[in-house]
Amino acid sequence: MKAKWIITAVSAALFFGGSLFTSLRDPWFQNLQRPDWLTFEFIIPFVWTLIWACLTISAIIVWEKKTRQGSRPWLLMAVYASIALLTSTYSPVVVELRSLTGGIILGGLATLLVYILAFVVRPISQKAAWLFLPYALWGPFGTYLTWLLLQLNPGAAG
């Protein structure tokens, strides 16, 4: 029971940590040229909230299953935290450092880790693995969108 709250607290700290260091209302970021079809940008924070909740629940499931089996999955939790850290540093890197290239790298690495971790946790819990699906679908799209922003704003490579 205690581990569930610790995982949730660490996850929330990482989730909100990136937003403490940056604002997506930054004039530089807001003035980037966007593709004409990007009319749903306002839902992106809700998508990330869902993704974050799914990853947190997945981590809790994996922790509880492994501890019932008598082991402590510290390495797996470190990979979950790495995904969270890469994801939460995306906005500060893109907005504060003005580096779309950095955003592409962070997004690509986080998505790759999601695929790997989903594969690794599948034997532990299929439910925990399925909870990676929102990230597995959105991660490549978000990374592609950042790449597209770079194509439309070549001076924003950083």
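Here the structure is a predicted model, which means the values were calculated and not measured.

Participant: Looking at this structure, I do not really get the side chain of Ser 88. What am I missing?
Facilitator: Position of Ser 88 relative to the elements: it lies in helix 4 (residues 74-88). We classify Ser 88 as buried; its relative accessible area is 10%. Separated by 3.3 Å, the side chain of Ser 88 and the backbone oxygen of Leu 85 make a polar contact.

Participant: I keep staring at the environment of Leu 145 and nothing clicks. Help me out?
Facilitator: Inspection of the secondary structure assignment puts Leu 145 in helix 8 (residues 133-152). Along the backbone, Leu 145 and Thr 101 are 44 residues apart, and their C-alpha atoms lie at a distance of 12 Å. Filtering out sequence-adjacent residues up to four positions away, Leu 145 remains in contact with Pro 35, Trp 37 and Leu 38.

Participant: What exactly am I supposed to notice about the nonpolar core here?
Facilitator: Across soluble globular proteins, nonpolar side chains have a tendency to be buried as a group. With 31 residues, the main nonpolar core has Val 62, Met 77, Tyr 80, Val 121 and Phe 132 as its most contacted residues. Among the elements of the structure, helix 3 (44-68), helix 4, helix 6 (100-121), helix 7 (126-130) and helix 8 are those that each provide at least two residues to this core. Among the elements that make up this core, the one with the highest residue count is helix 3 (ten residues). Non-local contacts of Phe 132, meaning those with residues more than four positions away in its chain, are made with Leu 55, Ser 58, Tyr 80, Ile 83, Val 114, Leu 117, Ala 118 and Val 121. Counting residues in each nonpolar core, the second largest holds nine residues, with Phe 29, Val 95, Leu 100 and Ala 156 among its members.

Participant: Can you walk me through the packing of helix 6 against helix 8 in this structure?
Facilitator: Each pair of packed helices gets described by two things: the angle between the helix axes and the distance between those axes. Across the interface, helix 6 lies against helix 8 with an axial gap of 9 Å and an inter-helix angle of 165°. Taken together, the axes of helix 6 and helix 8 lie roughly antiparallel to each other. Note on packing geometry: the crossing formed by helix 6 with helix 8 is left-handed. Contact residues: Leu 100, Thr 101, Gly 103, Ile 104, Gly 107, Gly 108, Ala 110, Thr 111, Val 114 and Tyr 115 in helix 6; Tyr 135, Ala 136, Gly 139, Pro 140, Thr 143, Thr 146, Trp 147, Leu 149 and Leu 150 in helix 8. For the contact of helix 6 with helix 8, the residue count by class is eleven nonpolar, eight polar and no charged.

Participant: Sorry, what's going on with a nonpolar patch on the surface here?
Facilitator: A cluster of nonpolar residues, Leu 112, Ile 116, Phe 119 and Val 120, forms a patch on the protein surface that exposes about 400 Å² of accessible area. Tracing the sequence through the fold places Phe 119 in helix 6. You can call Phe 119 exposed: its relative accessible area is 66%.

Participant: In this structure, what is going on with the pattern of salt bridges? I would like to understand it.
Facilitator: Pairs can form between side chains of opposite charge whenever their charged atoms are close. Under the criterion given, the structure shown has two salt bridges. Here Asp 26 and Arg 98 are joined by a salt bridge, their closest N and O atoms 3.9 Å apart. Separated by 72 residues along the polypeptide, Asp 26 in the loop between helix 1 (2-20) and helix 2 (27-30) and Arg 98 in the loop between helix 5 (90-96) and helix 6 bring together distant segments of the chain. You can call Asp 26 buried: its relative accessible area is 16%. Ionic pairing is found between Glu 41 and Arg 34, a salt bridge with its closest N-O pair at 2.8 Å.

Participant: Would you explain the environment of Trp 52 in this entry?
Facilitator: Its place among the elements puts Trp 52 in helix 3. Relative accessible area serves as the criterion here: at 7%, Trp 52 is assigned to the buried category. Sequence-distant contacts of Trp 52, that is, excluding residues within four places in its chain, are made with Ser 11, Leu 14, Phe 15, Ala 84, Thr 87 and Ser 88. Side chain to side chain, Trp 52 and Ser 11 meet in a polar contact 2.8 Å long.

Participant: What's the story with the packing of aromatic side chains in this structure? I'm lost.
Facilitator: Each aromatic ring pair is specified by the distance between its two centres and by the angle formed by the two planes. The full count for this structure, using the stated rule, is eight aromatic pairs. Relative to Phe 132, the ring of Tyr 80 lies with its centre 5.6 Å away and its plane at 25°, an arrangement referred to as stacked. Separated by 52 residues along the polypeptide, Tyr 80 in helix 4 and Phe 132 in the loop between helix 7 and helix 8 bring together distant segments of the chain. On the basis of relative accessible area, Tyr 80 is assigned to the buried category, the value being 8%.

The rules behind these values
- Residues numbered from 1 in each chain as written.
- Predicted model: local features only at pLDDT ≥ 70, side-chain atom pairs only at ≥ 80, totals over all residues.
- Heavy atoms only, no water.
- Helix = DSSP H or I, 4+ residues; strand = E, 2+ residues; numbered from the N terminus.
- Buried < 20%, exposed > 50% of the residue type's maximum accessible area, 1.4 Å probe, protein only.
- Polar contact = N/O pair within 3.5 Å; in protein donor to acceptor, adjacent residues only side chain to side chain.
- Contact = heavy atoms within 4.5 Å.
- Core = buried A, V, L, I, M, F, W, Y, C linked by side-chain atoms within 4.5 Å.
- Axes fitted to C-alpha atoms, helices over the stretch in contact; angles between N-to-C directions.
- Parallel < 35°, antiparallel > 145°, perpendicular 65-115°, else oblique.
- Left-handed = near helix turned anticlockwise from the far one by under 90°.
- Nonpolar A, V, L, I, M, F, W, Y, C, P; charged D, E, K, R; others polar.
- Patch = residues over 30% accessible without salt bridge, like charges linked within 9 Å, V, L, I, M, F, W, Y side chains within 5 Å.
- Areas by Shrake-Rupley, 256 points an atom, 1.4 Å probe, with all protein chains shown as cover.
- Salt bridge = Lys/Arg side-chain N within 4 Å of Asp/Glu carboxyl O.
- Phe/Tyr/Trp six-rings, centres within 6.5 Å; stacked < 30°, edge-to-face > 60°.

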